[in-house]
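# What the coordinates show
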Amino acid sequence: RDAARRASRRRAARERDLLPDFVRLADYVEVEALAALVVEAWAGFLAELLRPRRAAGLLETTVRFADEGATFAPTRAQIQQTLAATADALVGLLAGAPRLLR
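Now for a description of the structure that goes with this document. (Residues numbered from 1 in each chain as written. Predicted model: local features only at pLDDT ≥ 70, side-chain atom pairs only at ≥ 80, totals over all residues. Heavy atoms only, no water.)

### Observations regarding the overall build of the protein
Of the regular secondary structure elements, the protein holds 2 helices and 2 strands. Starting at the N terminus and ending at the C terminus, the protein contains elements arranged as α-β-β-α. Counting only C-alpha atoms and orienting by the principal axes, one finds that the protein spans roughly 100 × 30 × 15 Å. Looking at the protein as a whole, 3% of its 102 residues qualify as buried. About 8900 Å² of surface is accessible on the protein, with carbon and sulfur atoms providing 60% of the total. (Helix = DSSP H or I, 4+ residues; strand = E, 2+ residues; numbered from the N terminus. Buried < 20%, exposed > 50% of the residue type's maximum accessible area, 1.4 Å probe, protein only. Areas by Shrake-Rupley, 256 points an atom, 1.4 Å probe, with all protein chains shown as cover.)

Structure below.
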């Protein structure tokens, strides 16, 4: 009976020693899964942007005609700025993800 108790304690001690590695693994799996979701979403958006034929437009654009010529809104620079801000926000999401370890 004492031998069984000692064996149980040794097993519990071994399992206790494995716990930090398990928590670290769970943390890595969580962050990797979130990163994969972000990459997948961004790749899907890029594929949609690059799709050659579509029945409806992807972005809403306003064209104004004046004596000086036509102007478009939003401008290409505004669209690029919005896309860059979105990419930065996704990176920030990953950086700010709740972690099991700090």
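### A few points about the pattern of salt bridges
Under the criterion given, the structure shown has 5 salt bridges. A salt bridge links arginine 16 to aspartate 17; the nearest nitrogen and oxygen atoms lie 3.5 Å apart. For the pair formed by arginine 16 and aspartate 17, the shared burial category is exposed. For glutamate 48, the salt bridge is made with arginine 51, and the minimal N-O distance between the two is 3.3 Å. Judged by relative accessible area, arginine 51 falls into the partly exposed class, the value being 39%. (Salt bridge = Lys/Arg side-chain N within 4 Å of Asp/Glu carboxyl O.)

### Remarks on the packing of aromatic side chains
With the rule as written, the count across this model stands at 1 aromatic pair. Between tryptophan 42 and phenylalanine 45 the ring centres are 5.6 Å apart and the planes differ by 40°, which places this aromatic pair in the tilted class. With tryptophan 42 and phenylalanine 45 both in helix H1 (residues 2-50) and 3 residues apart, this pair spans about one turn of that helix. Among the residues examined, tryptophan 42 registers a relative accessible area of 30% and is labelled partly exposed. Overall, phenylalanine 45 belongs to the partly exposed group, its relative accessible area being 29%. (Phe/Tyr/Trp six-rings, centres within 6.5 Å; stacked < 30°, edge-to-face > 60°.)

### A few points about the side chain of aspartate 27
Among the structural elements, aspartate 27 can be located in helix H1. Beyond its immediate stretch of four places on either side in the chain, aspartate 27 contacts Arg99, Leu100 and Leu101. (Contact = heavy atoms within 4.5 Å.)

Taken by themselves, the reported measurements are silent on function.
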